[in-house]
Amino acid sequence: MKYVTLMLTLILWVSAPLVGVIVQQKPAPTITEDMATLEGRWRTPKEEPAKLELTFKKTENPTLKYSSFKFLEVKITYEGSLGKASCSGGCTCRLMEDGKRRSLVFGSEILIVSNLPQTWYYRFEGKQLVLNVEQGKYKGEYKLERISD
């Protein structure tokens, strides 16, 4: 019996480091992978009081298309208790990462055209896109779902 216990202990002790290798977490997606995931139409569920819809597509602007930074063209509309706002033509956002958080940073045109925030932090939760605005009148968290055309 002591021999069996000793063998089991030895097997567990030797195999413990291998378990860590087998259960390794998948690396976080890159900004480039986020770009591909973001492409398409997203909106808040119909039952939400604030209606937010974003459509992302790869930029065709040659200056931005070949930049080392990651840019997407965006159409954005908001309708809710704060009124209506939209940026439907010529809005671009740059995907940024600062440590643990990722953000969509819009050019100044979004402020001029629509008065929407310039920075939106984002993350993915399952199939949802979660946007977070940290200041201003649009402050809050918005959960969006992908919609098909």
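My aim in this report is to walk through the structure given alongside it, one point at a time. (Residues numbered from 1 in each chain as written. Predicted model: local features only at pLDDT ≥ 70, side-chain atom pairs only at ≥ 80, totals over all residues. Heavy atoms only, no water.)

## What to know about the nonpolar core
Phe56, Leu104, Trp120, Leu131 and Tyr142 are the most contacted members of the largest nonpolar core, which totals 29 residues. In terms of residues, this core owes the most to one element, strand E3 (residues 70-80), which gives 4 residues. If near-sequence neighbours (up to four positions away) are discounted, leucine 104 is found in contact with Leu38, Phe56, Cys93, Arg94, Leu95, Gln118, Thr119, Trp120, Tyr122 and Leu131. (Core = buried A, V, L, I, M, F, W, Y, C linked by side-chain atoms within 4.5 Å. Buried < 20%, exposed > 50% of the residue type's maximum accessible area, 1.4 Å probe, protein only. Helix = DSSP H or I, 4+ residues; strand = E, 2+ residues; numbered from the N terminus. Contact = heavy atoms within 4.5 Å.)

## Focus: the packing of aromatic side chains
A complete count under the given rule lists 4 aromatic pairs for this structure. Here tryptophan 120 and tyrosine 142 contribute two aromatic rings whose centre-to-centre distance is 6.0 Å and whose plane-to-plane angle is 50°, an arrangement assigned as tilted. With tryptophan 120 in strand E7 (residues 119-125) and tyrosine 142 in strand E9 (residues 140-147), this residue pair connects regions lying 22 residues apart in the sequence. Taking the centre distance of 5.9 Å and the plane angle of 70° together, the rings of tyrosine 122 and phenylalanine 124 count as edge-to-face. Here phenylalanine 124 falls in the partly exposed class, since its relative accessible area comes to 28%. (Phe/Tyr/Trp six-rings, centres within 6.5 Å; stacked < 30°, edge-to-face > 60°.)

## Side note on the state of the cysteines
The final tally for this structure, using the stated rule, is 1 disulfide. Left unpaired, cysteine 93 is separated from the closest cysteine sulfur, that of cysteine 91, by 9.3 Å. Look at cysteine 93 and you get buried, because its relative accessible area is 1%. (Disulfide = S-S within 2.5 Å.)

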